[in-house]
Amino acid sequence: MYRVLILALALTLGAPLLAGAQPPPVAGPVAGADATAVARQFVDAAHGMMRANGDPAGLGAFFTEKPADRGGPTELFGGIAGLMSVWGLQNQVMMVQGEGKTEVDFQLNPVRLVMTKVNGEWRIDAAASFALLPPEMQKMMQGPEQAKAEQNDCMSNLKQIMLGALMYANDHGQRLPDAAKWMDELMPYVKNELIFKDPAAPELAYGYAMNVAFSGVKLDTLALPAETVIFFDSALGTRNAAGGAAAVALRHNGGANYAFADGHCKWDRAPLVKDAPKPTEQGAGGPPPPG
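The rules behind each value
Residues numbered from 1 in each chain as written. Predicted model: local features only at pLDDT ≥ 70, side-chain atom pairs only at ≥ 80, totals over all residues. Heavy atoms only, no water. Helix = DSSP H or I, 4+ residues; strand = E, 2+ residues; numbered from the N terminus. Contact = heavy atoms within 4.5 Å. Areas by Shrake-Rupley, 256 points an atom, 1.4 Å probe, with all protein chains shown as cover. Pairing = 2+ DSSP bridges. Phe/Tyr/Trp six-rings, centres within 6.5 Å; stacked < 30°, edge-to-face > 60°. Buried < 20%, exposed > 50% of the residue type's maximum accessible area, 1.4 Å probe, protein only. Salt bridge = Lys/Arg side-chain N within 4 Å of Asp/Glu carboxyl O. Core = buried A, V, L, I, M, F, W, Y, C linked by side-chain atoms within 4.5 Å. Lys, Arg positive; Asp, Glu negative; His and termini not counted. Polar contact = N/O pair within 3.5 Å; in protein donor to acceptor, adjacent residues only side chain to side chain. Arc of directions from axis to C-beta.

(A) The arrangement of the overall build of the protein chain in detail. Across its full length, the protein chain carries six helices and nine strands. Taking all contacts inside the protein chain whose residues are at least 6 apart in sequence as the whole, residues at least 24 apart take part in 61%. In the structure as shown, the protein chain presents an accessible area of about 14,000 Å², 57% of it carried by carbon and sulfur atoms.

Put into structure tokens, the structure is as follows:
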């Protein structure tokens, strides 16, 4: 849906500027062309597709991936077409050469084309190029289906984290982990560092935080475990991140995923983390009771 809207906007804005021009034929890169030449061919073909209101998937000949691939030609072209229609294309081309791979910046910020040698010819690597786009632009192009999939993957991560915390508590006198080192303490239980990354926030080293109000708290002192948030989406991005309401990141469709002390998880638009004091019952946090 979003890809179609982006392309429609691009065509609507760009058509008056390009009216009357005839599109060149869409073909793959010229044999033996260098990376800069392939980038220019792609841009020329993109202009032609816009003039003809054509199918951007026809530009797939320039890419190393199939048009249907995630982050593939159709998604990438949607962003490029939108930028081309609004700002136009400048003629400057910069190229950073590497071993079998290069980046071509043709001054259409924030788009850069990563080129990969395939059978001796430079082709556009759509997945790598897509990965260089700002996260906001990636999300806009991925559409609601991808956003929902990321939300579900994030929920799965939080469920595994909360399960690990419950297993940890079972082995440590019903106490939750220390918020200052909760990731380190849960690693023997979750056994996968990637669980701590939110697929919707690839720019962050880590995507979650622990509710600092329940650091080291005993589960059996919680009056309402089904309403007590222990872990949540966060943009702090650091290892063993912890905090309160201000640390919540509403990045999934305007809401966040939360893991509760009874083991269940849910998504909500409301910031469910409360900056409440720790429970005051004996043994709820701090050193264990005497005896």
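Read on for the rest.
(B) Layout of the sheet that holds strand E9 (residues 265-268). Pairing is mixed in the open sheet, where five strands are placed in the order E7-E5-E6-E8-E9. The two strands at the open ends of the sheet, each matched to only one other strand, are strand E7 (242-243) and E9. When strand E8 (residues 256-260) meets E9, the two strands line up antiparallel, connected through four bridges. Along E9, the bridge assignment pairs Ala256 with Asp268.

(C) Representation of the packing of aromatic side chains. Enumeration according to the criterion identifies three aromatic pairs in this entry. Aromatic side chains Tyr168 and Tyr189 sit 6.0 Å apart centroid to centroid with 80 degrees between the ring planes, which places their arrangement in the edge-to-face category. You can see Tyr168 sitting in helix H5 (residues 135-171) and its partner Tyr189 sitting in helix H6 (residues 182-190), a full 21 residues away along the chain. Of the two residues, Tyr168 and Tyr189, both sit in the buried class. Here the aromatic rings of Trp182 and Phe231 are separated by 5.0 Å at their centres, their planes lie at 45 degrees, and the arrangement is tilted. With Trp182 in helix H6 and Phe231 in strand E6 (residues 229-233), this residue pair connects regions lying 49 residues apart in the sequence. Classification of Trp182 as buried rests on a relative accessible area of 0%.

(D) Summary view of the pattern of salt bridges. Applying the stated criterion to the full structure yields five salt bridges. One salt bridge connects Arg239 with Asp184, and the closest N-O pair in it is separated by 2.9 Å. Placement of the pair is Arg239 in the loop between E6 and E7 and Asp184 in helix H6, with a sequence separation of 55 residues. When the shortest N-O distance is used, the salt bridge between Lys266 and Asp268 registers 3.6 Å. Salt bridges linked by common partners bring Asp184, Glu193 and Arg239 together as one network.

(E) Inspection of unusual backbone geometry at higher detail. Unlike most non-glycine residues, Lys191 shows phi in positive territory, near 55 degrees. Here Lys191 lies in the loop between H6 and strand E5 (208-211). The exposure class assigned to Lys191 is exposed, which follows from its relative accessible area of 66%. Of note in the backbone geometry, Asn240 takes a positive phi value of approximately 60 degrees without being a glycine. Along the polypeptide, Asn240 turns up in the loop between E6 and E7.

(F) How the structure looks around the nonpolar core. If you look at the biggest cluster of nonpolar residues, it comprises 30 residues, and the most contacted ones within it are Leu158, Ile161, Leu176, Trp182, Ile230 and Phe231. Listed by contribution, the elements that provide at least two residues to this core are H5, H6, E5 and E6. Considering each element in turn, this core owes the most residues, eight residues, to H5. Excluding residues within four positions of it along the chain, Ile230 makes contact with Met162, Leu176, Ala209, Met210, Asn211, Phe214, Ala259, Phe260 and Ala261. Within the second largest apolar cluster, 12 residues are counted, among which are Phe42, Phe62, Phe63 and Met115.

(G) Highlighting the side chain of Arg175. Following the sequence through the fold, Arg175 ends up in the loop between H5 and H6. Of the side chains with opposite charge, Asp220 lies nearest to the buried Arg175, which makes no salt bridge, at 8.0 Å. For Arg175, the side chain forms a polar contact with the main-chain oxygen of Gly216, separated by 3.2 Å.

(H) Looking closely at the side chain of Arg251. Within the fold, Arg251 resides in the loop between E7 and E8. When its relative accessible area of 18% is taken as the criterion, Arg251 is described as buried. Among the polar contacts listed, one links the side chain of Arg251 to the backbone oxygen of Ser234, at a separation of 3.0 Å.

(I) Representation of H6 in the model. Along H6, the residues classified as buried are Trp182, Met183, Glu185, Leu186, Tyr189 and Val190. The arc that holds the buried residues of H6, viewed along the axis, is 160 degrees, so those residues lie on one side. Phi turns positive, to about 55 degrees, at Lys191, one or two residues after H6.

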